[in-house]
Amino acid sequence: MSNNSLSGSGGQPELALSAHFFLRIANKTFKNNARIGTNSWLLLLADYFDSLIEEIVDGLDVNELKEQLRLELTHGQGGPRLSAKEVTNKARDIAQKLGDSRVEVKHLAIAILESAGYEVVGEECSLTPEEIERRFDALFGILSEDQEDESEDESADDRPKEQTGASGDSRAEKLEEFGRNLTRQARRGRFGNVVGREEEIQLVIETLCRRTKRNPVLVGPAGVGKTAIVEGLAQRVVRGEVPDLLKGVQIYEIQPTALVAGTRYYGILEERMEILIREASREDVILFIDELHSIVGAGGPTGRNDVASLLKPALARGDLACIAATTDEEYRRYIEPDPALERRFQPVRVQELTPEQTLGVLSSLRDELARLRGVRAPDDVLRWLVSFAQQFMRNRYFPDKAVDLLEQSVAHAVVQGKDTLDMETAMAVARRVVGMPLDVGERLRNLKAKLAESALLDEGDCETLLNRLSVTMRGLDLRPSRPNAVVLLVENAAADSERLAEILAEALNGSPNRVITVDFSRFQHPADIAILAGASSGYRYDDTAGMLHRLLQIPHCVLRFENIHACHPAVREAAAEMLAEGSLVDARGRRIYLSDTIVLITAELSPAETQISGFRAPEQKSGPDFRRLAAELGNDLVAQVDLVCAGVPDSVAARRQWLCRNLLDDLSQRLKESGLALRFDESVLDWLLTFKCRNRREWERLIDEEICTHLAGHLANAGPNRAETLLVKHDGSSVAIELEPGEDA
């Protein structure tokens, strides 16, 4: 059976992609046997479209029909002969009779059934063309390209246009060797539906139809679907939904890394490129170069003997048409500095899909995943995934981030043996992907217990912070783009900021390591803002991407702004703006979000300036304490502060607990590793509380001088094989240390 039977003739309806697929399956199955009968056609139709047969023929049991057909074929009863040409011509007549412009699978089915003597009572098909095309994926996934070439016994004149040029020249060997034929892949149904990119595809088509500079380059963030636009163009070419100038073209995706592989010796790359450009210069060939920036410097020095320099002359002459794709950052970094290369391309900006468009992408993908993985995803789950990705994955783009969440959730359901993706599973997987708390209420209760145990903040400050987090971590605040909380720490609280940050990170984000520290004391010049943004002054690009780059990897974290009082005022203003907007644009143009962080700001101010512990209420803003803070740190920065904490609580009981948890317990733990066990008598705590130390450093100095000096002699006698237990107390005049019986190690 020749492919001539698959092409249209005279004004009659042309074959749709689904009908074309079915006839190609017949080619594969029947092996060009001219004696194929109606029974073989019926069995082939029943194997792939059983529900379609039941819709067209009233009361027909497809399962019984299959058994009957297999029995008859086993005994050599193939039925009346029916060629592919007869099926195609009869299907065209049926389509024309029904007023359809294209031959679909339903027309072929009616033709086969009527030829077998069945009475057709229905002419509607509930299967969409997309669903019909997807049913062929399994077959074409099994058949390799080599098997397909071997199974098709065709003459050179009958081969598809993808293997011969417009003038019948030889096969494009270099394009086949170093490229991937996207048109062929689209014809086999390897690509999913392209949703929401009709305007961009149309713009690419218009650019390809230009006389000069017909080389569109798709420029947009990673994950917005630039490659999908080219796949959508290939699908349109297969369906014939392009201007006559582009009908029958073959789109080859070229990888520059494949071109330069094995080119150790001088001249090999030049020879490859010469042949490839000659093959790509045919009117029916379009090149596609993904990651366009990778051609700069590939195979040789930049601007000399690299792929870009070898490709530029052909682009300048207009010998070939080329579609390219790259990100905004890489276009600015690699393409724009080379004006000769830049002006060969026409930029096509690809914007991020809207949540509504992304929902359409997920709906299309949902059907494919249900067929491949056997897991269904309800509409409400898809809507939640899109909403979650929009709110909590701000550093990535639609549709990529939503597609990742859906596929990860379906994979989790497969592992768990579920056939339906329920909301609970989707929520657990999505939150695990971004590293955010699974149960906000449980995490806040855990934080409350840890704060009470540590005694780092007084009871009022703890309650204020927890109330703030209970609102922001649930997305109920009026400014969800801002950090979850901005806390200004002064006096003892500033000294304890590291431990407080670890407690917050462990309780809320699951690990004490999810803390990012920025020391503002190093920013002494207005130009140091560039360092904060990721590039040192005088450098256009910086691979380190700045100290805040870690926020891209761990957006749910605690961010410490240390010593903000010691930086240049211009830097403080930049920090205030960053907190107000909830984001920072780094040197590469990427927006880094702070909306999922808790920001701890430390400042060393005198006691007279910081008697303001508590929530920053509007009426307090004009008070003398906040005026003093504003004078020291700036109005803009103080305006972003949600809570001011001075550290050591005022009550005697709270101060006693703070001393035990933050100073004496630490001392006991360190000495325990050296073989000393300490017990502090209540008299020692009573004596320590008589001192009016103003900050943590004064408390540490007091304990070092009055207690640690007495422990030095005992430490010399302790060791791994000899353990001592010491009781530390105060006898009214001085510190006394008594040796208690200890156990041998």
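Residues numbered from 1 in each chain as written. Predicted model: local features only at pLDDT ≥ 70, side-chain atom pairs only at ≥ 80, totals over all residues. Heavy atoms only, no water.

> Just to check I follow, could you spell out the packing of aromatic side chains for this structure?
Here the distance between the centres and the angle between the planes together describe a pair of aromatic rings. Throughout the structure, instances matching the rule amount to four aromatic pairs. Taking the centre distance of 6.2 Å and the plane angle of 55° together, the rings of Phe22 and Phe49 count as tilted. Taken together, the residues Phe22 in helix α1 (residues 17-30) and Phe49 in the loop between α2 (38-48) and α3 (50-56) connect sequence positions 27 residues apart. Residues Phe22 and Phe49 agree in their burial class; the two are buried. When the centroid spacing of 5.3 Å and the interplanar angle of 85° are considered together, the rings of Phe520 and Phe523 count as edge-to-face. On the accessibility criterion, Phe520 (0% relative accessible area) is buried. A connected cluster of aromatic rings, assembled from ring pairs, spans Phe520, Phe523 and Phe561. In this structure, Lys401 is placed above the aromatic ring of Phe398, and the distance from its NZ or CZ to the ring centre is 4.5 Å. (Phe/Tyr/Trp six-rings, centres within 6.5 Å; stacked < 30°, edge-to-face > 60°. Helix = DSSP H or I, 4+ residues; strand = E, 2+ residues; numbered from the N terminus. Buried < 20%, exposed > 50% of the residue type's maximum accessible area, 1.4 Å probe, protein only. Lys NZ or Arg CZ within 6 Å of the ring centre and 35° of its normal.)

> Where do I start with the side chain of Glu200 in this structure?
In this fold, Glu200 is placed in helix α12 (residues 198-208). A polar side-chain atom of Glu200 sits 3.1 Å from a polar atom in the side chain of Arg197. In this structure Glu200 touches Ile229 and Arg349, once residues within four positions along its chain are discounted. (Polar contact = N/O pair within 3.5 Å; in protein donor to acceptor, adjacent residues only side chain to side chain. Contact = heavy atoms within 4.5 Å.)

> Sorry, what's going on with the confidence of the model for the chain here?
Low pLDDT marks regions whose predicted coordinates should not be analysed in detail. Averaged over every residue, the pLDDT of the chain is 78; residues scoring 70 or more account for 79%. Here residues 1-10 is a poorly scored stretch, pLDDT under 50, and it has 23 contacts once near neighbours within four places are set aside; other chains count. For the stretch residues 536-546, pLDDT sits under 50, and the model shows 20 contacts to residues farther than four places along the chain or on other chains. (pLDDT = per-residue confidence, 0-100.)

> Explanation requested: the packing of helix α20 (residues 379-392) against helix α21 (residues 400-415) in the structure shown.
For any two helices packed against each other, one specifies the crossing angle of their axes together with the interaxial distance. Relative orientation of the contacting elements α20 and α21 amounts to 130°, with a least axis distance of 9 Å. In this view, α20 runs oblique relative to α21, as classed from their interaxial angle. Relative to α21, α20 is oriented so that their crossing is right-handed. Contact residues: α20 offers Leu382, Leu385, Phe388, Ala389 and Gln390, while α21 offers Lys401, Ala402, Leu405, Leu406 and Ser409. Broken down by class, the residue content of the contact of α20 with α21 amounts to seven nonpolar, two polar and one charged. (Axes fitted to C-alpha atoms, helices over the stretch in contact; angles between N-to-C directions. Parallel < 35°, antiparallel > 145°, perpendicular 65-115°, else oblique. Left-handed = near helix turned anticlockwise from the far one by under 90°. Nonpolar A, V, L, I, M, F, W, Y, C, P; charged D, E, K, R; others polar.)

> Looking at this structure, how should I read the nonpolar core?
Counting residues in hydrophobic clusters, the biggest one holds 52 residues, and the most contacted among them are Leu447, Leu465, Leu469 and Leu600. Of the residues forming this core, the biggest block, seven residues, is contributed by helix α26 (residues 497-509). Ignoring anything within four residues of it in the chain, the contact list for Leu447 reads Leu466, Leu469, Ile503, Leu504, Ala507 and Leu508. Leu65, Ile94, Val103 and Val105 belong to the second largest nonpolar core, which has 37 residues in total. (Core = buried A, V, L, I, M, F, W, Y, C linked by side-chain atoms within 4.5 Å.)

> Looking at this model, I keep getting lost on the pattern of salt bridges. Mind explaining?
Opposite charge on two side chains makes pairing possible when the charged atoms of those side chains draw close. Under the criterion given, the structure shown has 20 salt bridges. Arg468 is the salt-bridge partner of Asp642, the closest N and O atoms lying 3.6 Å from each other. In this pair, Asp642 is assigned in the loop between α31 (635-639) and β16 (643-645) and Arg468 in helix α24 (residues 459-472), connecting sequence segments 174 residues apart. When salt bridges that share partners are traced, they join Arg102, Arg239 and Glu241 into one network. (Salt bridge = Lys/Arg side-chain N within 4 Å of Asp/Glu carboxyl O.)

> What's the story with the pairing of strand β11 (residues 557-562) in this structure? I'm lost.
β11 sits mainly inside the fold: six of its six residues count as buried. When strand β10 (residues 515-519) meets β11, the two strands line up parallel, connected through five bridges. The residue of β11 that forms the bridge with Ile516 is Leu559. One ladder, built from five bridges, connects β11 with strand β14 (residues 597-602); its direction is parallel. In the sheet register, Val558 faces β14, and the bridge partner there is Ile598. (Pairing = 2+ DSSP bridges.)

> What exactly am I supposed to notice about helix α29 (residues 569-581) here?
Owing to its 3.6 residues per turn, the α-helix brings residues three or four apart onto one side. Taking 1.5 Å of rise per residue, the 13 residues of α29 would be expected to cover 18 Å, and the 18 Å separating its terminal C-alpha atoms lies within 8% of that figure. Those residues of α29 that sit buried are Val571, Arg572, Ala574, Ala575, Ala576, Met578 and Leu579. Backbone geometry just after α29 places Gly582 at a positive phi near 75°. (Expected span 1.5 Å × (residues − 1).)

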